[in-house]
Amino acid sequence: MGKLLKFLIPMLLLLLVFWRRDKDEPKKALPSEVPNKQEAAEQQYALFQNWLGVLYRDRPQKLAELSAAVGEYIRDDSVDGSDDASVDNVLNFGALGELDSEYVFAVDWKDSELFVDGVDAMAVRLGAKVQWPDDWAQQLPEQLMGTAYTQLLVQQVALYNAQTDGDFYVLMAVRQQDEADLKAAAQAWGLAIRPAEQPY
């Protein structure tokens, strides 16, 4: 029995060392998983480009530069196994920092001044104008969205807001003739949007 124990104890210790080493090492993706993630990243990139192309229909020369910047974010965070390349994260952390605020911008739920400035910039880009109420500074963006949406729609401009996971809004605007394309591109990408008269 003593000889058996002398043999078993070193073997158990050796197995324990290998088990702990395997447990502590980060798991590497199987070779077959990497192409799948790369393919998914490229698919999301293409869908993002389609959505971006609708927004920037009046400035197609800007698309390549913007697509490349955000595409790098999508590819890096998709292939490395993180969840950072979700549609919400790509929009909020990858795209908003690169895109021009007169096309799409984020605003805190209570920042009326930034909301008015942002919508005014969008309106100017699209040849429109919003007549804000005298007490706009006392109203929240949520209350002002209906005013902006109604007035812009009469001027053939569609103002939309996107669903977010935070205490802020994301607004975007296109010509009314491009509204159907914007909705279709957003839906295909997985971005939930609706007219700004219906704030999220």
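One can find the structure itself at the top, above this paragraph.
Residues numbered from 1 in each chain as written. Predicted model: local features only at pLDDT ≥ 70, side-chain atom pairs only at ≥ 80, totals over all residues. Heavy atoms only, no water.

Colleague: I'm lost on the overall build of the protein chain in this one. Help?
Modeller: Helix and strand counts for the protein chain come out as 7 helices and 4 strands. Secondary structure elements in the protein chain, listed N-terminal to C-terminal, are α-α-α-α-β-α-α-β-β-α-β. Counting all 200 residues of the protein chain, 38% fall into the buried class. Of all intrachain contacts in the protein chain linking residues separated by at least 6 positions in sequence, the fraction that spans at least 24 positions is 61%. (Helix = DSSP H or I, 4+ residues; strand = E, 2+ residues; numbered from the N terminus. Buried < 20%, exposed > 50% of the residue type's maximum accessible area, 1.4 Å probe, protein only. Contact = heavy atoms within 4.5 Å.)

Colleague: Is there a simple way to explain the environment of Arg75 in this structure?
Modeller: Assignment of secondary structure puts Arg75 in helix α3 (residues 63-79). Taking the C-alpha atoms as reference points, Arg75 and Ala40, separated by 35 residues in sequence, lie 9.0 Å from one another. If sequence neighbours within four positions are ignored, Arg75 has contacts with Ala41, Glu42 and Tyr45.

Colleague: Just to check I follow, could you spell out the sheet that holds strand β2 (residues 157-162) for this structure?
Modeller: Strand pairing in a sheet is mediated by backbone hydrogen bonds. Such pairs are either parallel or antiparallel. Taken together, 4 strands build an open sheet; the order of strands is β1-β3-β2-β4 and the sheet is antiparallel. Edge strands, defined here as strands with exactly one partner in the open sheet, are β1 (104-108) and β4 (193-195). Adjacent strand axes in the sheet meet at a mean angle of 35° when their direction is disregarded. In terms of strand pairing, β2 meets β4 through 3 bridges, oriented antiparallel. (Pairing = 2+ DSSP bridges. Axes fitted to C-alpha atoms, helices over the stretch in contact; angles between N-to-C directions.)

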